[in-house]
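# Residue-level structure breakdown
For reference, the chains in residue letters:
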Amino acid sequence: MRLTDEEQAMFAGDRGPAKAKAMDLLVRYGEALGAERLIETNNVAGAFNASTPSVSSLVKKGFDAVYSELNLDSAEIVEIPRMAVNTCQLITGIDNENWKLQGISEELVQQQKAGEAFFGQRGINMFATCTPYQVGNVPIKGEHCAWMESSAVVYCNSVLGARTNTEGKESTGAAALTGRIPYWGYHLDENRRGTHRVEVGCDLGDIMEWGLLGYWLGELVQEDVPVITGNVRQPSLIELKHFGAAAASSGGVEMYHIAGVTPEAPTLEAAFGGNRVHETLHYGPAERRLAYEHLNCASERAVDFVMLGCPHNAIEQVWLIASLLEGKTISANTQLWVHTPRAIREVADRNGYTKMITDAGGFVMSDTCPAISRHVPAGTHTVATDSAKQAHYLPAITGLPVWFGSVRDCVDAAITGKWNGQLS
Ligand code: F3S
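Here is what the cut-offs are and how they apply
- Residues numbered from 1 in each chain as written.
- Predicted model: local features only at pLDDT ≥ 70, side-chain atom pairs only at ≥ 80, totals over all residues.
- Heavy atoms only, no water.
- Helix = DSSP H or I, 4+ residues; strand = E, 2+ residues; numbered from the N terminus.
- Rg over C-alpha atoms; globule rule 2.2 N^0.38 Å.
- Buried < 20%, exposed > 50% of the residue type's maximum accessible area, 1.4 Å probe, protein only.
- Contact = heavy atoms within 4.5 Å.
- Pairing = 2+ DSSP bridges.
- Axes fitted to C-alpha atoms, helices over the stretch in contact; angles between N-to-C directions.
- Polar contact = N/O pair within 3.5 Å; in protein donor to acceptor, adjacent residues only side chain to side chain.
- Phe/Tyr/Trp six-rings, centres within 6.5 Å; stacked < 30°, edge-to-face > 60°.
- Lys NZ or Arg CZ within 6 Å of the ring centre and 35° of its normal.
- Near = heavy atom within 4 Å.
- Right-handed = clockwise from strand over helix to strand, strands pointing away.
- Parallel < 35°, antiparallel > 145°, perpendicular 65-115°, else oblique.
- Left-handed = near helix turned anticlockwise from the far one by under 90°.
- Nonpolar A, V, L, I, M, F, W, Y, C, P; charged D, E, K, R; others polar.

### Side note on the overall build of the protein chain
- Counting its regular elements, the protein chain contains 18 helices and 15 strands.
- Its C-alpha radius of gyration of 22 Å places the protein chain within 12% of the 22 Å reference for a compact globule of 424 residues.
- Over its C-alpha atoms, taken along the principal directions, the protein chain stretches across nearly 65 × 55 × 35 Å.
- Here the protein chain, with 424 residues, has 59% of them falling under the buried criterion.
- Excluding contacts between residues fewer than 6 apart, the proportion of contacts in the protein chain whose partners are at least 24 apart in sequence is 76%.

So this is what it looks like as structure tokens:
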């Protein structure tokens, strides 16, 4: 791998032991991928906080040790300096306020808070959300980033036109210290061009419809780059957030184009950039139903846990849920958790939306989600969610059956304690 003079200096230890470890990791990682060089980045979104049970024992050794072992792949403990570039913490396993509801121990909460203080002092912004683009980290078109979290990565590449691969804890840890990441994959123009044409023949009226489309096409294209065309009106941030999260769950989609909508697809031709179209896929009522049936694996109509906010909810979504709950009471047999970034929860608190939800018997959660924390309310037998991603992962993670539907279906399930949703 070719290194610049500054990269050589970091590699040689001239900028301190932590940067040397980080450069060593990046060079090994890049060479394994066939990258010829590194690219500068000023935008890292990763997982730095030692907050999960699997790392709690390391916390006792000290956070430098945690960072050295888990983030820099090094048994040798090095002192961790300030991050070199703009860096944020993605989602964690614990809601710092609602941890009792999650069934998490106070000891673990204190470890998380100590970790946040340590990493915060080193310049890591504790956004604690899988949607950093909703709370202020919005890279511009063409910007090279180092992001983790599949739903954030596909949004970053496709909707914002910034450039990232799906990085890991180790590579984002090293990127934060050096401002470098291997130059391969979606950093390169040739890998961002469309491969599959997807003709949409159904109305894409809400997030459920976008989730169904994403889930269906992700399974078919896997890690390729679909180009969506046909019956597509101007989508919203929320719809694209759900669409990308679904496509990245059933497949490994990290980049897509919507002709005439997303920034690298002013036209259908531009989206393919000269690439041969590998396959043309048609999405109609039969494909829509297939996706819906795949996502609905529950059979028991009684619902005891409703999860909304995967990816984390925008403020409009919190408002919609609050409005649907106004004057209603959640079933005594059901819990409703509404997940949103902490920064958005602050707005929801000020606006009174949180109170509207809690008055009905629900909870507004931040910083985490059940798929990451692996905590659902005790005694849960059946889950309902408006998220194709959560419906995909929760059965595998918790063994629980899931109903998938619209926000209205889910709020209705929370109020009645029963699933009444169906595909129109
Ligand atoms: Fe976010 Fe958890 Fe969903 S990390 S995308 S809310 S699975």
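### Brief notes about the sheet that holds strand E4 (residues 124–125)
- Strands sit in the order E4-E3-E2-E5 across an open sheet of 4 strands; the sheet is parallel. Unpaired on one side and paired on the other, E4 and strand E5 (146–147) mark the two borders of the sheet.
- Bridge count for strand E2 (residues 43–46) against strand E3 (residues 86–89) is 4 bridges, and the pairing is parallel. If you follow valine 44 over to E3, its bridge partner there is threonine 87.
- In this fold helix H8 (residues 169–178) packs onto E2, E3 and E5, with an angle of close to 145° to the strand it touches most, E2.

### Here's the deal with the side chain of asparagine 165
- Secondary-structure assignment places asparagine 165 in the loop between helix H7 (150–158) and H8.
- By relative accessible area, asparagine 165 is classed as buried at 3%.
- Among the polar contacts made by the side chain of asparagine 165, one reaches the main-chain amide nitrogen of tyrosine 186 at a distance of 2.8 Å.
- Not counting the four nearest positions on each side in its chain, asparagine 165 is found in contact with Trp147, Val153, Trp184, Gly185, Tyr186, His187 and Glu254.

### Quick notes on the packing of aromatic side chains
- Across all of its chains, the model carries 12 aromatic pairs by this definition.
- Within the aromatic cluster, the residues linked to one another by ring pairs are Phe48, Phe63, Tyr67, Phe118 and Phe119.
- Here the guanidinium or amino end of arginine 37 rests over the ring plane of tyrosine 183, the centre of that ring lying 4.1 Å away.
- One Lys or Arg, arginine 122, reaches over the ring of phenylalanine 118 and ends 3.7 Å from the middle of that ring.

### Section: the site of the ligand
- Every residue lining the ligand is accounted for by Ile91, Cys130, Glu149, Ser151, Gly309, Cys310, Pro311, Cys369, Ala371, Ile372, Lys389 and Gln390.
- Elements represented by at least two residues in the shell around the ligand include exactly helix H16 (370–373) and helix H17 (388–398).

### Thoughts on the pairing of strand E11 (residues 305–308)
- Where burial is concerned, the two faces of E11 agree: the one with Phe305 and Met307 and the one with Val306 and Leu308 are both buried.
- Examined bridge by bridge, E11 and strand E12 (residues 335–339) share 4 bridges and lie parallel to one another. Following the sheet pairing, valine 306 is matched in E12 by leucine 336.
- With helix H13 (residues 315–325) bridging E11 and its parallel neighbour E12, the resulting β-α-β unit is right-handed.
- For E11 and strand E14 (residues 383–385), the ladder comprises 3 bridges, and the chain directions are parallel. From the neighbouring strand, phenylalanine 305 faces E14, where its bridge partner is valine 383.

### Section: H8
- By the criterion of burial, H8 is predominantly enclosed, with 8 of the 10 residues buried.
- All of the buried residues in H8 are Ser171, Thr172, Gly173, Ala174, Ala175, Ala176, Leu177 and Thr178.
- Where H8 ends, the next residue or the one after it, glycine 179, has phi of about 70°, a positive value.

### Some thoughts on the sheet that holds strand E9 (residues 257–258)
- Strand order in the open sheet formed by 4 strands is E9-E8-E7-E10, and the pairing between neighbours is parallel. Strands with a single pairing partner mark the edges of an open sheet, and in this sheet they are E9 and strand E10 (279–283).
- Lying on the sheet, helix H9 (residues 207–221) is in contact with strand E7 (196–200), strand E8 (226–230), E9 and E10; it crosses E10 at an angle near 150°.

### Considering the packing of H9 against helix H10 (residues 237–250)
- With their axes 7 Å apart at the nearest point, H9 and H10 run at an angle of 25° to one another. The angle between H9 and H10 falls in the class roughly parallel. Every pair of crossing elements has a handedness; the one defined by H9 and H10 is right-handed. Contacts from Ile207, Trp210, Gly211, Leu213, Gly214, Tyr215, Leu217, Gly218 and Glu219 in H9 reach Ile238, Glu239, Leu240, His242, Phe243, Ala246, Ala247 and Ser250 in H10.
- Grouping the constituent residues of the contact of H9 with H10 by class yields 10 nonpolar, 5 polar and 2 charged.

### Details of the environment of glutamate 69
- Within the secondary structure layout, glutamate 69 lies in helix H4 (residues 63–71).
- Separated by 101 residues in sequence, glutamate 69 and glutamate 170 place their C-alpha atoms 9.1 Å apart.
- Here lysine 61 takes part through its side chain, which lies 3.1 Å from a polar atom of the side chain of glutamate 69.

Functional significance is not addressed by these values, which are geometric in nature.
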